[in-house]
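Chains, contacts and geometry: an overview
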Amino acid sequence: MTDPLRPSRRDAIAFTAGTLGAAMAFPGGTFAATIGAATTGAALVPYGATPSKRQLAWHRLEQTAFVHFTINTFTDREWGYGDEDPAIFDPKQFDADQIVAAAKAANLRGLIVTAKHHDGFCLWPSKFTKHSIASSPYKNGKGDIVGELAAACRRQGLKFGIYLSPWDRNHPDYGRPEYITFFRNQLRELLTQYGPIYEVFFDGANGGDGYYGGAREVRKIDAVPYYDWPSIIAFVHALQPMACTFDPVGADLRWVGNEEGEAGDPCWATMDDKGFTEEKGNAGVRGGAIWWPAEADVSTRYGWFWHAYEDGQSRSPANLMKIYFETVGRSAGLLLNLAPDTRGLVTDEDVANLTAFGTAMRAMYATDLSKGAIASASSVRAGHDAALVLDGNPESFWVSADRAPVPTLTLDLKQPRLFDVVRLAEHLPLGLRVDRFAIDAQGPTGWTEIASKQGIGSQRLIRLDAPITARRVRLRITAAAAAPAITEFGVYLAPVLLDPPHIVRDREGVVTLTSDSPGLAIAYTTDGSVPTIASPRYTAPFTMRDAGIVQAISIHAAKGAVSSVGRRNFDIRKSDWKILRASAPLAELLIDEKNRTDWVAPLTGADGKPCSVTIDLGRSVELRGFVLKPGWHAPQGAGDPAAWRVRIGDDPGLADAPQEQGEFSNIAANQAPQRLAFARPHRGRYIEIAFTRTAKGETRLAIAELGVLTQ
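Residues numbered from 1 in each chain as written. Predicted model: local features only at pLDDT ≥ 70, side-chain atom pairs only at ≥ 80, totals over all residues. Heavy atoms only, no water.

1. Comments concerning the overall build of the protein chain
When helices and strands are counted, the protein chain shows 10 helices and 38 strands. Since a compact globule built from 711 residues should have a radius of gyration of about 27 Å, the 27 Å found for the protein chain is in line with a globular shape. Overall, the C-alpha framework of the protein chain stretches about 85 × 65 × 50 Å when taken along its three principal axes. Here the protein chain holds 711 residues, and the buried ones make up 57% of them. (Helix = DSSP H or I, 4+ residues; strand = E, 2+ residues; numbered from the N terminus. Rg over C-alpha atoms; globule rule 2.2 N^0.38 Å. Buried < 20%, exposed > 50% of the residue type's maximum accessible area, 1.4 Å probe, protein only.)

This is how it looks when you write it as structure tokens:
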């Protein structure tokens, strides 16, 4: 069903699908092109779906910040249950300008704050609930985190947006019609009190167990009819016409299908109207009737909210740059999460990595090697010369003649230049016209193809495996639905960024350090100190039998480059562990210290009891929690566990009632290790972990690894 609130389809009028079969002789082979035919001299009109005014403005932001901060920051959870006491929310050093400055340092151009997460706690003094910042000690109940961040964004020149969870595990009316009135009232507050809003992010998690005003029950909803999403989207646009909406039916932006910061290659901005799947969200649909571009939400840490145990595991500048190329570089929008700590500040570690990432990006774009180049094309439409790709104006662009076979656009850089990044962009108001293209470089022996891709869109970044030197670079359109309209063609040299070493420990406690790039030196420490180039060099695996910390850096001596610090906190080794019993065979895979071997088991065992495994730790220890790594590659019909309960003791029978239970928050979308802390420590040699339901109702589950927390 086509939703009238989505951007309308615009069918091609002047350009009709056609095959010219034109071939071009080329060193190493022959290349054919399919170019849309048109009446010579016909007006230049859009091809297919095109972005709305607000979508076009969103595309031009390219990368923005997410800020996950609420009562979960103080409870060490990812999803709050809804029964949290507002009295625990007290960020004594909260500094909106420090948070916005951290985003700006990373070259992020907008900021979205979690005004209300699933627990229902509001970061603004909503008039419609007491479960808000007004009931907290922060500024004696007079604070307004949403307002402070909005003001800081205005001061520092960032756009401001809001996240409002449709699911509210605190509100007594959730799941009933009355809640929708409450939800709209809160939405109105957020859209009318804080100035211009560039995006409203609606989370896809809806319905389940919760506090619900003391009912403590499970409430299921059918999201589309319950919320009446088209009317809510229209409500947003009536109050904030330039605010893009994320995710629901009829929204302006779609989910990219994962939380890893990886868009499809290609990632088309168009979709069909036949139902969303994660696969389609990741790749889009070429020629789809709806302009529904992908937004890639990913966190600087494993979790979305700050957790002390993740200090030292912030994404490195090199990893952030990789994510940038795999999202923005594939025409998706990057939404990078920052997680302030209980002080109300982004940690020094996160700020340092964000700043280094932003500095590297600015350095890459500071020298446009195509500046001053001479642009020429094999075919030009009147008024759209080749030189327009170099003027920095997104409103001007090169267009080839309608029937030109294999249009080419060549940059003469006037002298040999060293580069490893090619940047392209289409003029989006004319639609997605290019299907496939290639990049060639001219060397002493002639032209050589250095890259070949599908789709350009709002921005296409091609990063070569290694820098090359060339004076002339050529864009070759090998297939297109309409004459290409290219607004940018540039070449750049990316700065050297090193990933920190991989730190792995096996069952016997042997630690191995490795680097992605050959020839790098590795320096490391095990005493808690931060490694430097003067620290001991890694030469061979070493043993760390029980709990400890390993920190390491990669060093490229010739280029004077040093990575950020990699860090792993290890608990007790697993050499003495055994599987005492399990509801399905091959449970040994859960304790093999190999994250890519999955235990797959029925949710309900042959005895009718929930799936479970009991581990003999070899000795009695004080347990403070456990760690679960989701399945690496779950087979069809197997999913992630959603809820757990634990028995611990020195009697292998473990006949007593479970001491702890809880949920795996957001596990289906985020495959990072889940760290589950107990309410209090429990001593025992044996631990039984039972799994009572799966995240998406699957009848089987898949788990890669289990560990315990004693520290």
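2. Focus: empty space enclosed by the protein
Using the criterion set out here, one finds two cavities of 30 Å³ or more in the structure. A volume near 80 Å³ is recorded for the largest cavity. As for the largest cavity, its lining consists of Pro266, Cys267, Trp268, Ala269, Arg330, Ser331, Leu432, Gln454, Gly455, Ile456, Gly457 and Arg460. Residues of the lining of the largest cavity, tallied by class, amount to six nonpolar, four polar and two charged. Here the second largest cavity is characterised by a volume of approximately 30 Å³. Secondary structure elements with two or more residues in the lining of the second largest cavity: helix H1 (53-61), strand E5 (63-67) and strand E16 (333-338). Grouping the constituent residues of the lining of the second largest cavity by class yields three nonpolar, three polar and one charged. (1 Å grid on protein atoms, 1.4 Å probe; cavity = no way out; pocket = protein on both sides within 12 Å on 5 of 7 lines; lining within 4 Å. Points joined across faces, edges and corners; volume = space filled by probe spheres on them. Nonpolar A, V, L, I, M, F, W, Y, C, P; charged D, E, K, R; others polar.)

3. Points about the nonpolar core
Counting residues in each nonpolar core, the largest one holds 77 residues, and the members touching the most others are Leu111, Phe160 and Leu187. Tallying contributions element by element places helix H5 (residues 177-192) first for this core, with seven residues. Those residues within four positions of Phe160 in sequence are excluded, and the remaining contacts are Leu111, Val113, Val146, Leu149, Ala150, Cys153, Tyr194, Pro196, Ile197, Tyr198 and Glu199. Membership of the second largest hydrophobic core comes to 32 residues, among which are Ala587, Leu623, Leu628 and Phe691. (Core = buried A, V, L, I, M, F, W, Y, C linked by side-chain atoms within 4.5 Å. Contact = heavy atoms within 4.5 Å.)

4. What about the side chain of Gln55?
Within the secondary structure layout, Gln55 lies in helix H1. One polar contact links the side chain of Gln55 to the main-chain amide nitrogen of Ser52, over a distance of 2.9 Å. (Polar contact = N/O pair within 3.5 Å; in protein donor to acceptor, adjacent residues only side chain to side chain.)

5. Examining the sheet that holds E16
Across the sheet, eight strands lie side by side as E11-E8-E7-E6-E5-E16-E15-E12; this open sheet has parallel pairing. The outermost strands of the open sheet, each flanked by one partner alone, are strand E11 (244-246) and strand E12 (254-255). The pairing of E12 with strand E15 (residues 294-299) spans two bridges and is classified as parallel. By the bridge assignment, Arg254 is partnered in E15 with Ala294. (Pairing = 2+ DSSP bridges.)

6. Description of the pattern of salt bridges
Going through the model one piece at a time under the given rule, you end up with 38 salt bridges. Arg54 is paired through a salt bridge with Asp252; the nearest N and O atoms lie 3.0 Å apart. Separated by 198 residues along the polypeptide, Arg54 in helix H1 and Asp252 in the loop between E11 and E12 bring together distant segments of the chain. Where Arg472 meets Asp412, a salt bridge forms, and the shortest distance between an N and an O atom there is 3.4 Å. Residue Arg472 is located in strand E22 (residues 460-480), and its partner Asp412 is located in strand E19 (residues 408-426); the two are separated by 60 residues in the primary sequence. When its relative accessible area of 12% is taken as the criterion, Asp412 is described as buried. Within this structure, Glu62, Arg109, Arg423 and Glu488 form a network of salt bridges that share partners. (Salt bridge = Lys/Arg side-chain N within 4 Å of Asp/Glu carboxyl O.)

7. Regarding the pairing of strand E37 (residues 674-694)
Where strand E33 (residues 611-630) meets E37, 13 bridges bridge the pair, whose relative direction is antiparallel. Bridged to Ile615 within E37 is Ile687. The pairing of strand E35 (residues 641-649) with E37 spans eight bridges and is classified as antiparallel. For Arg647, the partnering residue across the bridge sits in E37 and is Glu688.

8. Overview of the packing of helix H3 (residues 96-105) against helix H10 (residues 348-366)
Their axes nearest at 7 Å, the elements H3 and H10 cross at an angle of 35°. Touching Gln98, Ala102, Lys104 and Ala105 of H3 are Val351, Leu354, Thr355, Gly358, Thr359 and Arg362, all from H10. Residues belonging to the contact of H3 with H10 are distributed by class as follows: four nonpolar, four polar and two charged. (Axes fitted to C-alpha atoms, helices over the stretch in contact; angles between N-to-C directions.)

9. Overview of the environment of Val491
Tracing the sequence through the fold places Val491 in strand E23 (residues 485-492). When the C-alpha atoms of Val491 and Leu418 are compared, they prove to be 9.2 Å apart, with 73 residues separating the residues in sequence. Setting aside chain neighbours within four positions, we find Val491 in contact with Thr367, Asp368, Leu369, Ser370, Leu413, Phe419, Val421, Val422 and Val473.

10. Thoughts on the packing of H3 against helix H4 (residues 145-156)
The N-to-C vectors of H3 and H4 enclose an angle of 50°; their axes lie 9 Å apart at closest approach. It follows from the interaxial angle that H3 and H4 lie oblique. Crossing angle aside, the handedness with which H3 passes H4 is right-handed. Along the contact surface, H3 presents Ala96, Asp97, Ile99, Val100, Ala101 and Lys104, while H4 presents Glu148, Leu149, Ala152, Cys153, Arg155 and Gln156. (Parallel < 35°, antiparallel > 145°, perpendicular 65-115°, else oblique. Left-handed = near helix turned anticlockwise from the far one by under 90°.)

11. Notes on helix H7 (residues 229-239)
For H7, the full list of buried residues reads Trp229, Ile232, Ile233, Phe235, Val236 and His237. If you follow the buried residues of H7, they end up packed against H1, H5, strand E8 (199-201), helix H6 (223-227) and E11.

12. Regarding the side chain of Thr525
With respect to the helices, strands and loops of the structure, Thr525 is situated in strand E26 (residues 521-525). Side-chain polar atoms of Thr525 contact the backbone oxygen of Ser529, separated by 2.6 Å. In this structure Thr525 touches Val530, Pro531, Ser535, Ile549, Val550 and Gln551, once residues within four positions along its chain are discounted.

13. Topic: the confidence of the model for the protein chain
A residue-level look at the protein chain finds 94% of positions with pLDDT of 70 or above and a mean pLDDT of 92. In this model, residues 1-41 is a region of pLDDT below 50 whose contacts with residues beyond four sequence positions or in other chains number 106 contacts. (pLDDT = per-residue confidence, 0-100.)

14. Quick word on the sheet that holds strand E25 (residues 510-514)
The strand order across the open sheet formed by three strands is E24-E25-E27, and the pairing between neighbours is antiparallel. Each edge of the open sheet carries a strand with a single partner, namely strand E24 (502-505) and strand E27 (542-543). Sheet topology places E24 next to E25; four bridges connect them, and they run antiparallel. Looking across to E25, one finds that Val504 is bridged to Thr512.

15. Let's talk about the environment of Phe202
By secondary structure assignment, the location of Phe202 is in the loop between E8 and strand E9 (208-210). Distance from Phe202 to Pro166, taken between C-alpha atoms, is 6.5 Å for residues 36 residues apart in sequence. Here Phe202 is in contact with Leu164, Pro166, Phe183, Leu187, Trp229, Ile232, Ile233, Val236, Thr245, Phe246, Asp247 and Pro248, once residues within four sequence places are set aside.

16. Here's the deal with the pairing of strand E20 (residues 434-443)
The element E20 is extensively covered by neighbouring structure, given that seven of its 10 residues are classed as buried. Sheet topology note: the E20/E22 ladder contains eight bridges and is antiparallel. Paired with Asp440 across the strands is Arg474, a residue of E22. Pairing between E20 and strand E21 (residues 446-454): eight bridges, direction antiparallel. Looking at E21, one finds that Ile439 is bridged to Ala451.

17. Focus on the packing of aromatic side chains
In this structure the tally under the stated criterion is 34 aromatic pairs. For the ring pair Tyr174 and Tyr212, a centre distance of 5.8 Å and an interplane angle of 5° mean the geometry is stacked. Of this pair, Tyr174 sits in the loop between strand E7 (159-164) and H5 while Tyr212 sits in the loop between E9 and strand E10 (217-219); the two residues are 38 residues apart in sequence, bridging distant segments of the chain. On the basis of relative accessibility, which here comes to 2%, the residue Tyr212 falls in the buried class. Here a set of aromatic residues connected by ring pairs shows up, and it is made of Tyr174, Tyr179, Phe182, Phe183, Phe202, Tyr212, Tyr226, Tyr227 and Trp229. In this arrangement the basic side chain of Arg184 is found over the ring face of Phe235, its NZ or CZ atom lying 5.5 Å from the centre. The cationic tip of Arg423 hangs over the ring face of Tyr365; the distance from NZ or CZ to the ring centre is 4.3 Å. (Phe/Tyr/Trp six-rings, centres within 6.5 Å; stacked < 30°, edge-to-face > 60°. Lys NZ or Arg CZ within 6 Å of the ring centre and 35° of its normal.)

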